[in-house]
Amino acid sequence: MTLARHASPTQVEGRLTQARAVEQIHNSIQNARAIRTVAGHADDAEDCGRLLAMLGLEAGDGKRE
């Protein structure tokens, strides 16, 4: 019979915090790529703005730092 090891609440909380941080970075990168793709295929600035609004994105989010 094997004994299951239980992680302490602090360890679990730390892993969740780390996973959320990684997810946030991934989402930021993905959103920036989507914004640049939409901007590259839009007919004009108005079209770009409408398309980004449909996706729930803002043009300023795609700028590189």
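Residues numbered from 1 in each chain as written. Predicted model: local features only at pLDDT ≥ 70, side-chain atom pairs only at ≥ 80, totals over all residues. Heavy atoms only, no water.

Things to note about the pattern of salt bridges
Opposite charge on two side chains makes pairing possible when the charged atoms of those side chains draw close.
No. 1: All chains considered together, the criterion is met by 2 salt bridges.
No. 2: With a closest N to O distance of 3.2 Å, arginine 50 and glutamate 46 form a salt bridge. One end of the pair, arginine 50, and the other, glutamate 46, are both in helix α2 (residues 45-55), 4 residues apart, so they sit about a helical turn from each other.
No. 3: Given a relative accessible area of 54%, glutamate 46 falls into the exposed group.
No. 4: Arginine 50 serves as the salt-bridge partner of aspartate 47, at 3.6 Å between the closest nitrogen and oxygen. Within this pair, aspartate 47 and its partner arginine 50 are both found in helix α2, separated by 3 residues, close to a single helical turn.
No. 5: The exposure class assigned to aspartate 47 is buried, which follows from its relative accessible area of 14%.
No. 6: The class for arginine 50 is partly exposed, based on a relative accessible area of 44%.
No. 7: Connected through shared salt-bridge partners, Glu46, Asp47 and Arg50 make up one network. (Salt bridge = Lys/Arg side-chain N within 4 Å of Asp/Glu carboxyl O. Helix = DSSP H or I, 4+ residues; strand = E, 2+ residues; numbered from the N terminus. Buried < 20%, exposed > 50% of the residue type's maximum accessible area, 1.4 Å probe, protein only.)

So, the environment of alanine 39
No. 1: Mapping alanine 39 onto the fold places it in helix α1 (residues 9-41).
No. 2: For alanine 39, a relative accessible area of 43% gives the class partly exposed.
No. 3: Between the C-alpha atom of alanine 39 and that of alanine 59, which follows or precedes it by 20 residues, the distance is 8.4 Å.

As for α2
No. 1: Listed in full, the buried residues belonging to α2 are Asp47, Cys48 and Leu52. Along α2, the residues classed as buried sweep out an arc of 130 degrees about the axis, all on the same side. Exposed side of α2, more than 90 degrees from the buried face: Glu46, Ala53 and Met54 are the residues found there.
No. 2: Residues of α2 that are buried in the fold lie against α1.
No. 3: With a side-chain oxygen lying 3.2 Å from the backbone nitrogen of glutamate 46, the N-terminal cap of α2 falls on aspartate 44. (Arc of directions from axis to C-beta. Contact = heavy atoms within 4.5 Å. Polar contact = N/O pair within 3.5 Å; in protein donor to acceptor, adjacent residues only side chain to side chain.)

Things to note about the nonpolar core
Soluble, globular proteins show a tendency: their nonpolar side chains are buried together.
No. 1: Grouped together as the largest cluster of nonpolar side chains are 6 residues: Ile35, Val38, Ala42, Cys48, Leu52 and Leu57.
No. 2: Of all the secondary-structure elements, those providing two or more residues to this core are α1 and α2.
No. 3: Not counting residues up to four positions away in its chain, the partners in contact with alanine 42 are Asp47, Cys48 and Leu51. (Core = buried A, V, L, I, M, F, W, Y, C linked by side-chain atoms within 4.5 Å.)

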